[in-house]
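# Structure at a glance
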Amino acid sequence: MLRLGASLMLLATAASAQPVGHTYEGYWIWDPTQSTLPSNLGEGPPIVGDVMQIAHDDGSRFAARFDEYFANNTEAAMIVDVPEDGTEHVVNDGRNPPTMASVSILPDGGLHIMFRSGSEANDSGCKLWDNGNKLTCAGTHVSNGTTAPFICFYRRDPHVIRVAP
């Protein structure tokens, strides 16, 4: 499921002068034509789709659902609901060892997210652009001692109405 981290690691640095809550809330669809996944994802079917539904992001709590779709018609989902305090918290995803998540607001108002499970970890930062309709996320994926960079591009689904805070 930490291949799901490929999408999770995509989340992290908003471009604003002050921390602003609810910035990332919405339904984000991955653009595989512009994205480069880490080369060390390991074995398994290729990721062909990725959706992030960020339900809550107010500076004190982060809640989201991450769905990945694979070439063999399988999928994986992870639900995250943790404080935005920069410390690691257990994500109840049924993994052993459990996935740990750390979410915090950066001094520039951005969002930083880290996921870790066993010998895999994702550390990422994201930036909104195009009037908040696009999201670029970049970071590193560590797997069994090797580190690889990634960059992923998302677009906000225009058919999902964003609810004001």
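Residues numbered from 1 in each chain as written. Predicted model: local features only at pLDDT ≥ 70, side-chain atom pairs only at ≥ 80, totals over all residues. Heavy atoms only, no water.

## Some thoughts on the sheet that holds strand β2 (residues 47–57)
Applicable threshold: Only strands that DSSP links by at least two bridges are regarded as paired with each other. The helix count covers DSSP runs of H or I at least four residues long, the strand count covers runs of E at least two residues long, and both are numbered beginning at the N terminus. For helices, the axis comes from a line fit to the C-alpha atoms of the stretch in contact; other axes are also lines fit to C-alpha atoms, and the angle between any two N-to-C directions lies between 0 and 180 degrees.
Here ten strands make up an open sheet; going across it, the order is β4-β3-β2-β1-β10-β9-β8-β7-β6-β5 and the pairing antiparallel. Since the sheet does not close on itself, it has two edges, and those belong to β4 (75–83) and β5 (89–91), each with one partner. Taking the axes of each pair of neighbouring strands and ignoring which way they run, one obtains an average angle of 25° across the sheet. Pairing between strand β6 (residues 99–105) and strand β7 (residues 111–117): six bridges, direction antiparallel. Counted as the bridge partner of V103 is I113 from β7.

## Observations regarding the state of the cysteines
Filter applied, for reference: Cysteine sulfur atoms are paired as a disulfide whenever they come within 2.5 Å of each other. Relative accessibility thresholds used throughout: buried, under 20% of the residue-type maximum; exposed, over 50%; partly exposed, between the two (1.4 Å probe, protein chains only).
According to the stated counting rule, one finds one disulfide in the structure shown. Between the sulfur atoms of C126 and its disulfide mate C137 the distance is 2.0 Å. With the S-S bond torsion at 115°, the cross-link from C126 to C137 turns out right-handed. Linking C126 in strand β8 (residues 120–129) with C137 in strand β9 (residues 134–143), this pair joins segments that are eleven residues apart in sequence. The two residues C126 and C137 agree in class, both being buried. With no disulfide of its own, C152 lies 7.2 Å from the sulfur of C137, the closest cysteine sulfur.

## Overview of the environment of G26
Inspection of the secondary structure puts G26 in strand β1 (residues 26–30). Classification of G26 by relative accessible area gives buried; the value is 17%. With 107 residues separating them in the primary sequence, G26 and N133 have C-alpha atoms 9.7 Å apart.

## Describing the pattern of salt bridges
Here is the rule we go by: The term salt bridge refers to a pairing of a side-chain nitrogen on Lys or Arg with a carboxyl oxygen on Asp or Glu at a separation within 4 Å.
Within the structure shown, the criterion is met by three salt bridges. The residue D81 makes a salt bridge to R61 at a minimum N-O spacing of 2.8 Å. Taken together, the residues D81 in strand β4 and R61 in strand β3 (residues 61–70) connect sequence positions 20 residues apart. The class of R61 is partly exposed, set by a relative accessible area of 33%.

## Quick notes on unusual backbone geometry
Phi is positive for D130, close to 55°, though the residue is something other than glycine. Its location among the elements puts D130 in the loop between β8 and β9. According to the relative accessible area criterion, D130 is partly exposed, its value standing at 40%. The phi dihedral of N131 is positive, around 55°, even though this residue is not glycine. Locating N131 in the fold gives a position in the loop between β8 and β9.

All we've got here are geometric facts, nothing functional implied.
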